[in-house]
Amino acid sequence: MTSDDRGLLTGLFSAAVAAADPALALRAHLPAPPKGRTVVIGAGKGAAQLAAAFEQLWPGPLEGVVVTRYGYAAPCARIRVMEAAHPVPDAAGLAATAALMQAVRGLGPDDLVVALICGGGSALLPAPPDGLTLADEVALNQALLASGAPISVMNAIRKQMSQIKGGRLAAACHPARVVSLVVSDVPGDDPAQVASGPTVPDAVGRAQARAMAAAWRIALPPRVADWLAGDLGLPPLPDDPVFAGHEVRVIASARLSLEAAAAQAEAMGLPAVILSDAIEGEARDVARVHAAIAREVALRNRPFTRPVVILSGGETTVTLRARGKGGRNSEFLLAFALAAEGVPFAALAADTDGIDGSEDNAGAFADGTSAARLRAVGHDPAALLAGNDAWTAFDVLGDLFVPGPTGTNVNDFRAILIR
């Protein structure tokens, strides 16, 4: 891949991230100040940056607490920033959950709660129901992450065994008014799915969650399966009167970020197309579909004419088959590089929050020679893919993409350049 192509793809990623900048996203969605107190709560990988921006924009007094991933904090003067583990919950997450619930206790009808919610909040807000423990929630999370189930299925199950998700945090704010400002990282931008909807109730019930677990053959831990078999601790439904007067606003999303990247490409003289901002499915399967499109463009100038930048977003999943390193974006890209080998492309796949999986890279770069270059240095790309070890593949090639934490999260970003 040429340095020009790498720079171009990086610029498109930067444009996508900039479109979800917390300060810009918040400015147009500030609620009117209340007669009483303003309490800010939040959770997610970009929650601290949202909180810092909110402090700068808010015209009156405020207080509150938000939780973000370790290493993702930002300085705030009035809002307490806590850190916890992601993607597997830890004891610090329990403490953060307790702090958020404490922050909204004792509020009155003249008070306002502003909830800053973005992706990653599910793991950062562990709150197992009575009778279950943090270890049970960790075991559930590990089972869900290994299952390959879509995020909507994972969240439907998480909401059933929680004391904060599924609108419970908003219910605890009653009778205060709640305005949820949501940075969407889920396909379709359903705010009830972002961070498992701590302030946005969901109509999906216990029986539906059990059916989803069965349909996706999720290996639920026995204690969790026993809990789901009962009807204790049901989450509130959207028509519950405690939610009357609440507002929910999606202030940034994958759609807006992909449109910004497309505009950036067009400004550089490259036509751009957006396949979808809501693509789901197994990462390697989605990669093969993208590769078929790229090959068709390269060989026959259809369905798009060269040159073109093909953009897509959403949230793919990875069914863990081995213990390799990587995340869904690097796995997508390795599968894509194999399926599109020999096609003259340059591509970047990355998570807009700056982290793909558990390593420090957001994703990686690839081109039509990536698979051949791996073989030339003694690595079998197909074996690496089979072992869920895409991180190793791109580390060997020097093609990891490491922008660091971005302060926002609107999910996967994929850009494929065909000259």
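Residues numbered from 1 in each chain as written. Predicted model: local features only at pLDDT ≥ 70, side-chain atom pairs only at ≥ 80, totals over all residues. Heavy atoms only, no water.

Trainee: Before we go on, may I ask you to explain the nonpolar core in this structure?
Mentor: Proteins that are soluble and globular tend to have nonpolar side chains buried together. Core analysis: the largest hydrophobic core is formed by 44 residues, its most contacted members being Ile41, Val67, Val104, Val113, Ile157 and Leu169. If one sorts the elements of this core by residue count, helix 4 (residues 91-103) sits on top with 5 residues. When residues no more than four places from it in sequence are discounted, the contact partners of Ile157 are Leu140, Leu144, Ala209, Ala213, Ile218, Leu220 and Leu228. (Core = buried A, V, L, I, M, F, W, Y, C linked by side-chain atoms within 4.5 Å. Buried < 20%, exposed > 50% of the residue type's maximum accessible area, 1.4 Å probe, protein only. Helix = DSSP H or I, 4+ residues; strand = E, 2+ residues; numbered from the N terminus. Contact = heavy atoms within 4.5 Å.)

Trainee: Quick question: what am I supposed to make of the sheet that holds strand 1 (residues 38-43) here?
Mentor: Hydrogen bonds between backbone atoms are what pair the strands of a sheet, whose relative direction is either parallel or antiparallel. Here we have 6 strands laid out as an open sheet, ordered 3-2-1-4-5-6, and parallel in their pairing. Here the strands that pair on one side only, and so sit at the sheet edges, are strand 3 (79-84) and strand 6 (247-252). When the angles between neighbouring strand axes are averaged without regard to direction, this sheet yields 20°. Sheet topology note: the strand 1/strand 4 (residues 112-118) ladder contains 6 bridges and is parallel. Residue Val39 lies in a different strand from strand 4, and its bridge partner there is Val113. (Pairing = 2+ DSSP bridges. Axes fitted to C-alpha atoms, helices over the stretch in contact; angles between N-to-C directions.)

Trainee: How should the packing of aromatic side chains be read in this particular structure?
Mentor: Considering all chains together, one arrives at 6 aromatic pairs under this definition. With a centroid separation of 5.0 Å and an interplanar angle of 85°, the aromatic rings of Phe13 and Phe401 are classed as edge-to-face. Note that Phe13 is positioned in helix 1 (residues 3-18) and Phe401 in strand 12 (residues 400-401), a separation of 388 residues in sequence. Take Phe13: its relative accessible area is 2%, and that puts it in the buried class. For Phe401, a relative accessible area of 6% puts it in the buried group. Every member of this aromatic cluster is reached through a ring pair, and the members are Phe13, Phe365, Phe401 and Phe413. (Phe/Tyr/Trp six-rings, centres within 6.5 Å; stacked < 30°, edge-to-face > 60°.)

Trainee: What's the story with the side chain of Arg158 in this structure? I'm lost.
Mentor: Residue position: Arg158 is located in helix 7 (residues 151-160). It is Glu137 that comes nearest to the buried, bridge-free Arg158 among opposite-charge side chains, at 7.1 Å. The contacts of Arg158, once residues within four sequence positions are left out, are Ser122, Asn141, Leu144, Leu145, Ile151, Lys165 and Ser196. (Lys, Arg positive; Asp, Glu negative; His and termini not counted. Salt bridge = Lys/Arg side-chain N within 4 Å of Asp/Glu carboxyl O.)

Trainee: Just checking my understanding: could you explain the UniProt feature "domain: MOFRL-associated" (unreviewed entry) in the protein for this structure?
Mentor: According to UniProt, the "domain: MOFRL-associated" (unreviewed entry) feature falls on residues 9-228. Helix makes up 41% of residues 9-228 and strand 15%. Its end C-alpha atoms lie 45 Å apart. (UniProt positions renumbered as here; feature names shortened; annotations may be inferred.)

Trainee: Even after reading the chapter, I still don't get the pattern of salt bridges, so can you show me in this structure?
Mentor: It is possible for side chains of opposite charge to pair when their charged atoms get near one another. Under the counting rule described, the total for this entry stands at 22 salt bridges. Ionic pairing is found between Asp5 and Arg419, a salt bridge with its closest N-O pair at 2.7 Å. Placement of Asp5 in helix 1 and of Arg419 in the segment after strand 13 (412-418) is noted, with a sequence separation of 414 residues between them. Under the relative-accessibility criterion, Arg419 is labelled partly exposed at 47%. Residue Arg373 pairs with Asp367 through a salt bridge whose shortest N-O separation is 3.4 Å. Taking relative accessible area as the criterion, Arg373 reaches 28% and is therefore assigned partly exposed. Here the residues in one salt-bridge network are Glu315, Arg328, Asp351, Asp412 and Arg414, joined through shared partners.

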